[in-house]
Amino acid sequence: MSSIKLFSLMFFLCSSPCFSAPKSSDPNSLYKSFLKCLPTSSPKPDTSFPSIVYSSAANSSAYTKVLQDRIKNLRYKTTATSKPAIIVTPKKETHVQAAVICAKKLNIHIRIRSGGHDYEGVSYALSEKTQFMILDMFNLRSVNVNVAVETVVAEAGAQLGDLYYRIWEKSKVHGFPAGVCVTLGVGGHISGAGYGTMIRKYGVSVDHVIDAKIVDVKGRLLDRKGMGEDLFWALRGGGGSNFGVIVSFTMKLVKVPKVITVFKVTKTVEEKAVDLVFKWQSVMSTVDKDLFIRALLNPAPESKKKTAKATFIALFLGDSTKLMSLMSKSFPELGLKKADCFEISWIQSILYWFNIDYKKTKLEVLLERNNGANFLKRKSDYVQTPITKQGLTAIFNKVGELGKIGLALNPYGGRMNEIPANATAFPHRAGNLFKIQYSLTWNENDPKVTEKYMNQTRVMYEFMTKYVAKNPRISFLNYKDFDIGVNKGDGYNSGKVFGQKYYKNNFDRLVKVKTAVDPENFFRNEQSIPIPPGKKKHTGVSMVEDSIYQ
Ligand SMILES: Cc1cc2nc3c(=O)[nH]c(=O)nc-3n(C[C@H](O)[C@H](O)[C@H](O)COP(=O)(O)OP(=O)(O)OC[C@H]3O[C@@H](n4cnc5c(N)ncnc54)[C@H](O)[C@@H]3O)c2cc1C
Ligand SMILES: *[C@@H]1O[C@H](CO)[C@@H](O)[C@H](O)[C@H]1NC(C)=O
Ligand SMILES: *[C@@H]1O[C@H](CO)[C@@H](O)[C@H](O)[C@H]1NC(C)=O
Ligand SMILES: *[C@@H]1O[C@H](CO)[C@@H](O)[C@H](O)[C@H]1NC(C)=O
């Protein structure tokens, strides 16, 4: 009790820069005070806390392993990358509660990690030198499927592979609409909306979330009823790390047929790839919801002139006979042959889309944690009016000229046109033809190469301006991109810049929810939802007022 009083007193008294976390030459100092704090802040008597806290000084190799296992973007794994003072790895809900209460008491900046796939490393790296901790949710990974009521409860640290596998274990006619990459964490992926191959049939993941558990800034564990409809609305697409720590999501399963058909065909410009992508835009906005075709544009170095090629990858919720008849009616130009089609189960289609040989690989691969990582940069756009053939030709040529960047064109239509933009915090619904993901992945550990490829994504993005949605130009939160703006010292005005791109008209309501549930802006990061001026204790990312952004 006295220590709580002391810390709040310190907070009041000191002007910025202000750190209430104990300062000492002993690198173990925060580790020690945190361990001391945890049992006193736990809702239940608990002696297990020493087994969930890692510090670089006390647990050097274990700390490094826990830190690095879920760093998925090597751009945020350099010697310059800031490292957490401690990593807390809760094994039960009360651990999360105690950790949040102690982070607050000791005034230590917190980052929350589930799967670690954030494209800007927000869950584990800081863009400034401030002492911080990671709350790593990977031990909270249970998935409970209840076929009778068609629901699944998945903890934040479960990966999508766990979710898909556990559903498959219990039912061959149920699935869940979420992302393609099976190592994505439930905590980050689903709070950011969750986009996948069943989007035209079932929308995004948040359209099926029916309950959630969150630990708020006061350390309370709240379900939907406890948190209220405003926060529950915000958690569905507003991004997790703005409001508290998501412990689990409860979701409704969706029906999938026993036989699913997939195909992948690549066309060069000589094979009329430009005309095909042109046609694809209009086909996808109206065709049967059971069909999803992604179009990938990649450089075609084998071609005589500098251009791109197009790969069409499909998921059809039905058999190949039905698919062939649909294609011959709606998209005969693609020239799809029955031999291009593979009839497989829904769970095999997960492997297929993840580029795993579904014939040779055991399904248990979905349960594996893999710590593979690359250097990544992603950006996004939405296209709302069809791009002309001339425009597409220019885009193909630009991709060929730049030589490395790829564009993934992800169709909308179907169910996405039926859900109002304010039904959940995720706003990108009717009116979109497709979403573009700009994608650049590399392996060279060389700052010059990084600079070159980062520039390439920006050059491509600039080039695309006239073809994509504008006023504002919009972006997909799950494809996090610091180029579109970050929180600066003033918090609100800079936050509005990227906030309107990610959330469109839902931004203002998100600011209200944020202000109500986290009035001191304790849960904040480079792109967290800001709080109106005058209301907050903390601005920008920093514990201090003079953040590097100013
Ligand atoms: C290889 C790859 C493929 C991808 N494919 C897709 C795809 O098909 N569809 C799609 O929609 N997206 C895709 N993404 C993007 C992905 O959905 C987002 O990066 C998502 O945020 C990842 O969630 P995570 O838990 O793995 O990441 P993390 O890095 O752990 O978290 C991401 C964000 O969520 C916050 N967060 C994480 N857990 C919690 C929690 N428990 N409570 C509160 N906040 C939390 C973090 O602080 C961070 O801000 C892909 C990303 C990668 C790297
Ligand atoms: C970290 O090291 C300390 C001191 O050796 C030990 O007591 C603690 O159990 C270790 N923590 C973990 C999570 O292994
Ligand atoms: C969405 O907006 C409409 C029209 O303004 C309103 O009637 C409806 O209540 C809103 N829905 C939600 C979930 O806020
Ligand atoms: C980025 O690349 C373009 C050419 O593609 C070049 O003109 C420009 O100078 C580069 N910018 C930077 C900052 O390197």
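Residues numbered from 1 in each chain as written. Chains lettered and ligands numbered in written order. Predicted model: local features only at pLDDT ≥ 70, side-chain atom pairs only at ≥ 80, totals over all residues. Heavy atoms only, no water.

J.: Would you mind going over the site of ligand 1 in detail, with residue names and values included?
T.: Residues in contact with ligand 1 amount to 31 residues; listed here are only the nearest, Ile112, Ser114, Gly116, Ser123 and Tyr195. Here an oxygen atom of ligand 1 sits 2.8 Å away from a polar atom, N or O, in the main chain of glycine 185. One nitrogen or oxygen atom from the side chain of asparagine 478 is found 3.2 Å from an oxygen atom belonging to ligand 1. In isolation ligand 1 offers 950 Å² of accessible surface; the protein chains occlude 93% of this area. Taken together, the elements giving at least two residues each to the shell around ligand 1 come down to β3 (109-113), α6 (186-191) and β10 (245-252). For the shell around ligand 1, the leading source of residues is α6, giving 3 residues. Split into classes, the residues belonging to the shell around ligand 1 amount to 13 nonpolar, 15 polar and 3 charged. For the shell around ligand 1, the domains that each give at least three residues are domain 1 (20-136) and domain 2 (143-255). (Near = heavy atom within 4 Å. Polar contact = N/O pair within 3.5 Å; in protein donor to acceptor, adjacent residues only side chain to side chain. Areas by Shrake-Rupley, 256 points an atom, 1.4 Å probe, with all protein chains shown as cover. Helix = DSSP H or I, 4+ residues; strand = E, 2+ residues; numbered from the N terminus. Nonpolar A, V, L, I, M, F, W, Y, C, P; charged D, E, K, R; others polar. Domains from an automatic or database assignment.)

J.: I'd like a description of the pairing of strand β4 (residues 132-136), backed by residues and values.
T.: For a regular strand, side chains alternate in direction, first toward one face of the sheet and then toward the other. The buried count for β4 comes to 5 of 5 residues, which makes it a mostly enclosed element. Neither face of β4 is left uncovered, since the one carrying Phe132, Ile134 and Asp136 and the one carrying Met133 and Leu135 both have all their residues buried. Here 5 bridges tie β3 to β4, and the two strands are oriented parallel to one another. Across the sheet, residue arginine 113 finds its bridge partner in β4, namely aspartate 136. (Buried < 20%, exposed > 50% of the residue type's maximum accessible area, 1.4 Å probe, protein only. Pairing = 2+ DSSP bridges.)

J.: Summarise unusual backbone geometry; cite the residues concerned and give the values.
T.: For the peptide bond that leads from asparagine 471 to proline 472, omega is -5°, which places it in the cis range. When you line up the elements, proline 472 lands in the loop between α14 (447-463) and α15 (492-503). Residues other than glycine seldom take positive phi values, yet asparagine 521 does so here, at roughly 55°. In this fold, asparagine 521 is placed in the segment after α16 (507-517). By relative accessible area, which is 4% here, asparagine 521 ends up buried.

J.: Break down the domain arrangement of the protein chain for me, with residues and values.
T.: Entries for the protein chain in the domain assignment read domain 1 (20-136), domain 2 (143-255) and domain 3 (260-344 + 374-467). The distance between the C-alpha centroids of domain 1 and domain 3 comes to 39 Å. Regarding the contact of domain 1 and domain 3, the summed buried area is about 690 Å², with carbon and sulfur atoms giving 58% of it. Viewed at the interface, domain 3 and domain 1 are joined by 1 salt bridge. Class assignment of the residues belonging to the side of domain 1 that touches domain 3 gives a composition of 2 nonpolar, 1 polar and 3 charged. (Buried area = accessible area lost by both parts, 1.4 Å probe. Salt bridge = Lys/Arg side-chain N within 4 Å of Asp/Glu carboxyl O.)

J.: Describe the sheet that holds β4, listing the residues and the values that go with them.
T.: Pairing in this open sheet of 4 strands is mixed, and the strands run β1-β2-β4-β3 from one edge to the other. Of all the strands in the sheet, the pair left with one neighbour each is β1 (53-55) and β3. Direction aside, the axes of adjacent strands within the sheet are offset by 20° on average. Helix-sheet contacts for helix α3 (residues 60-69) involve β1, β2 (86-88), β3 and β4, and the interaxial angle to β1 is about 105°. (Axes fitted to C-alpha atoms, helices over the stretch in contact; angles between N-to-C directions. Contact = heavy atoms within 4.5 Å.)

J.: Pulling in residues and values, what's your account of the state of the cysteines?
T.: Going through the model one piece at a time under the given rule, you end up with 1 disulfide. Between the sulfur atoms of cysteine 37 and its disulfide partner cysteine 102 the distance amounts to 2.1 Å. On the sign convention where negative is left-handed, the bridge of cysteine 37 and cysteine 102, at about -95° about the S-S bond, is left-handed. Linking cysteine 37 in helix α2 (residues 29-41) with cysteine 102 in helix α4 (residues 93-105), this pair joins segments that are 65 residues apart in sequence. Here cysteine 37 falls in the buried class, since its relative accessible area comes to 8%. (Disulfide = S-S within 2.5 Å.)

J.: Requested: an account of empty space enclosed by the protein, with residues and values cited.
T.: Applying the stated criterion across every chain, the model contains 2 cavities of 30 Å³ or more. Taken as a whole, the largest cavity spans an internal volume of roughly 80 Å³. Tyr164, Phe176, Pro177, Ala178, Gly179, Val180, Thr197, Met198, Trp346, Ser349, Ile350 and Trp353 are the residues that line the largest cavity. Element by element, the count of residues in the lining of the largest cavity is highest for helix α12 (residues 346-353), at 4 residues. For the lining of the largest cavity, the class distribution of residues is 9 nonpolar, 3 polar and no charged. Estimates place the volume of the second largest cavity at around 40 Å³. In terms of lining residues, the second largest cavity is bounded by Leu297, Ile387, Leu392, Ile395, Leu407, Leu409, Phe434, Ile436 and Met464. Residues belonging to the lining of the second largest cavity are distributed by class as follows: 9 nonpolar, no polar and no charged. (1 Å grid on protein atoms, 1.4 Å probe; cavity = no way out; pocket = protein on both sides within 12 Å on 5 of 7 lines; lining within 4 Å. Points joined across faces, edges and corners; volume = space filled by probe spheres on them.)

J.: Provide a residue-level description of the pairing of strand β18 (residues 434-442), including the pertinent values.
T.: Across the 9 residues that make up β18, a large majority, 8, are buried. Sheet topology note: the strand β16 (residues 375-383)/β18 ladder contains 9 bridges and is antiparallel. Of the residues in β18, the one forming a bridge with valine 383 is phenylalanine 434. Across 6 bridges, the pairing between strand β17 (residues 406-411) and β18 is antiparallel. Bridging from a neighbouring strand, leucine 409 pairs with isoleucine 436 of β18.

J.: Before we move on, can you summarise the packing of helix α5 (residues 160-170) against α12 with the specific residues and values?
T.: Contact geometry of α5 with α12 gives a least axis separation of 10 Å together with a crossing angle of 160°. Of the possible angle classes, the one that applies to α5 and α12 is roughly antiparallel. Judged by the sense of rotation from one axis to the other, the crossing of α5 with α12 is left-handed. Counting all contacts with α5, which are made through Tyr164, Tyr165 and Trp168, the residues of α12 involved are Trp346, Ile347 and Ile350. (Parallel < 35°, antiparallel > 145°, perpendicular 65-115°, else oblique. Left-handed = near helix turned anticlockwise from the far one by under 90°.)

J.: Can you lay out α4 for me, pointing to particular residues and giving the numbers?
T.: Over its 13 residues, α4 runs 19 Å from end to end, which matches the ideal 18 Å to within 8%, given 1.5 Å per residue. Burial analysis of α4 places 10 of its 13 residues in the buried class, which makes it a mostly covered element. Just downstream of α4, asparagine 107 is the residue with a positive phi angle, here 50°. (Expected span 1.5 Å × (residues − 1).)

J.: Quick one: what's the story with the pattern of salt bridges, residue by residue and with numbers?
T.: In the structure shown here, the tally under the stated rule is 32 salt bridges. A salt bridge links aspartate 118 to lysine 480, with the nearest nitrogen and oxygen atoms 2.6 Å apart. Here aspartate 118 is found in the loop between β3 and β4, whereas its partner lysine 480 is found in the loop between α14 and α15, with 362 residues between them in sequence. Exposure remark for aspartate 118: the relative accessible area of 16% places this residue in the buried category. Linking arginine 473 and aspartate 381 is a salt bridge whose minimum nitrogen-to-oxygen distance equals 2.7 Å. With a gap of 92 residues between them, arginine 473 in the loop between α14 and α15 and aspartate 381 in strand β16 connect regions that are remote in the sequence. Judged on exposure class, the residue arginine 473 and its partner aspartate 381 are both buried.

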